[in-house]
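Geometric and topological summary
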Amino acid sequence: MQPPVLYSFRRCPYAMRARLALASSGMQVELREVVLRDKPEAFLKLSPSATVPCLATPEAVIDESLDIMIWALRQSDPEGWLDMPDTGFEWIARCDGPFKNALDRTKYATRYPDEDPDRHRALASDYLRDLDRQVENWIFDKPTLADFAILPFVRQFAFIDKPWFDAQPWSQLQQWLERFLSSPRFAQIMPKYTQWKPGDTPVLFPASS
């Protein structure tokens, strides 16, 4: 049986969190690396939004990263990521909504000439300040879906201006991010892949050990 196909882009935080859940679940997919300025026709025909990640299973096309995470973990959840308080989804919703909106207007300020990037950095910081108060090793008492749905976006924000981020009084948040960046799981999801072309030898993810 052919594995599901995941269209991905290495640095995209949405694609990163999809790969994190797939790696945790052990569900193997064929990974097809997309170059965003040169999207393949097969991907454009498949993805309603033409955005990564996009997972094609035998039953359905899943075009939202959080849905891909939940799909993978419902197939197999050996690390118990779905064993999470309902408030975890509230943290994820704040990340995907107000925080991501402010992150984009901070990181990509030239795309939003009518917006004040300093104001948006302050708005993003409100969320991170709350998250710092919540995190003690993890958002809850163990690793859950919330941690790995949010961490790629905190990483993206941190590297807009890493010295500034490191200077903030968010010690729990900073340690949480650093543990993630230095973890075997982060290394597992971040190898470099060449752009997928039709006819290429399939690349399986996670790679067989």
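Rules behind the numbers
Residues numbered from 1 in each chain as written. Predicted model: local features only at pLDDT ≥ 70, side-chain atom pairs only at ≥ 80, totals over all residues. Heavy atoms only, no water. Pairing = 2+ DSSP bridges. Helix = DSSP H or I, 4+ residues; strand = E, 2+ residues; numbered from the N terminus. Core = buried A, V, L, I, M, F, W, Y, C linked by side-chain atoms within 4.5 Å. Buried < 20%, exposed > 50% of the residue type's maximum accessible area, 1.4 Å probe, protein only. Contact = heavy atoms within 4.5 Å. Salt bridge = Lys/Arg side-chain N within 4 Å of Asp/Glu carboxyl O. UniProt positions renumbered as here; feature names shortened; annotations may be inferred. Axes fitted to C-alpha atoms, helices over the stretch in contact; angles between N-to-C directions. Parallel < 35°, antiparallel > 145°, perpendicular 65-115°, else oblique. Domains from an automatic or database assignment. Buried area = accessible area lost by both parts, 1.4 Å probe. 1 Å grid on protein atoms, 1.4 Å probe; cavity = no way out; pocket = protein on both sides within 12 Å on 5 of 7 lines; lining within 4 Å. Points joined across faces, edges and corners; volume = space filled by probe spheres on them. Nonpolar A, V, L, I, M, F, W, Y, C, P; charged D, E, K, R; others polar.

Identification of the protein chain as Glutathione S-transferase from Sulfitobacter sediminilitoris is taken from an unreviewed UniProt entry.

Here we have five strands laid out as an open sheet, ordered β4-β3-β1-β2-β5, and mixed in their pairing. Each edge of the open sheet is held by one strand with a lone partner, namely β4 (61–62) and β5 (204–205). Two strands pair when backbone bridges link them, and strand β3 (residues 54–56) and β4 are joined in this way by two bridges, in the antiparallel orientation. Counterpart to alanine 56 in the pairing with β4 is valine 61.

A few words now on the nonpolar core. The biggest cluster of nonpolar side chains holds 54 residues, and the ones touching the most others in it are Leu131 and Ile150. Elements represented by at least two residues in this core include exactly α1 (13–25), β2 (29–33), α3 (65–75), α4 (87–107), α5 (117–134), α6 (145–158), α8 (171–181) and α9 (184–189). It is α6 that contributes the most residues to this core, 10 residues altogether. Excluding anything up to four places from it in sequence, leucine 131 contacts Trp91, Ile139, Ile150, Val154, Leu173 and Trp176. Listed in part, the 11 residues of the second largest apolar core include Tyr7, Val34, Ala56 and Trp196.

Moving on: the pattern of salt bridges. This structure, assessed with the given rule, holds 12 salt bridges. Between aspartate 130 and arginine 133 there is a salt bridge whose closest N-O contact spans 2.9 Å. Residue aspartate 130 and its partner arginine 133 are located together in helix α5, separated by three residues, close to a single helical turn. The class for aspartate 130 is partly exposed, based on a relative accessible area of 26%. Residue class for arginine 133 comes out exposed when judged on its relative accessible area of 62%. Each of Arg94, Asp130 and Arg133 takes part in a single network of salt bridges with overlapping partners.

Let's shift gears to the UniProt feature "domain: GST N-terminal" (unreviewed entry) in the protein chain. In the UniProt entry, the feature "domain: GST N-terminal" (unreviewed entry) is given for residues 2–80. Annotated as 38% helix and 18% strand, the span residues 2–80 places its first and last C-alpha atoms 26 Å apart.

With that out of the way, let us pick up the packing of α1 against α3. Two numbers describe how α1 lies on α3: the axes approach to 8 Å, and their chain directions differ by 0°. Between α1 and α3, the angle falls in the class roughly parallel. Packed against α1, whose contacting residues are Tyr14, Arg17, Ala18, Ala21, Leu22, Ser24 and Ser25, the element α3 presents Ser65, Leu66, Ile68, Met69, Trp71, Ala72 and Leu73 at the interface.

To continue, consider the domain arrangement of the protein chain. Domain boundaries assigned for the protein chain yield domain 1 (5–79 + 187–205) and domain 2 (86–184). The gap between the C-alpha centroids of domain 1 and domain 2 is 23 Å. If you look at the interface, domain 1 gives 13 residues, while domain 2 gives 16 residues. Between domain 1 and domain 2, the buried area comes to about 1,200 Å², and carbon and sulfur atoms account for 69% of it. On the domain 1 side of the interface with domain 2, the three residues burying the most area are Pro13, Arg17 and Leu20, jointly 39% of the side's total.

Turning next to the layout of surface pockets. Empty space within the largest pocket amounts to approximately 690 Å³. Lining the largest pocket are 28 residues, with Arg11, Cys12, Pro13, Tyr108 and Gln156 sitting closest to its centre. Listing elements by their share of the lining of the largest pocket, those giving two or more residues are α1, α3, α4 and α6. Looking at the lining of the largest pocket element by element, the count peaks at four residues for α4. Among the residues making up the lining of the largest pocket, the classes are represented as 13 nonpolar, four polar and 11 charged. Mapped onto the domain boundaries, the lining of the largest pocket takes at least three residues apiece from domain 1 (5–79 + 187–205) and domain 2 (86–184). The volume enclosed by the second largest pocket comes to roughly 180 Å³. Forming the walls of the second largest pocket are Glu79, Trp81, Trp138, Pro143, Phe148, Leu151, Trp176, Arg179, Phe180, Ser183 and Arg185. Looking at the lining of the second largest pocket, the elements with two or more residues in it are α6 and α8. Top contributing element to the lining of the second largest pocket by residue count: α8, with three residues.

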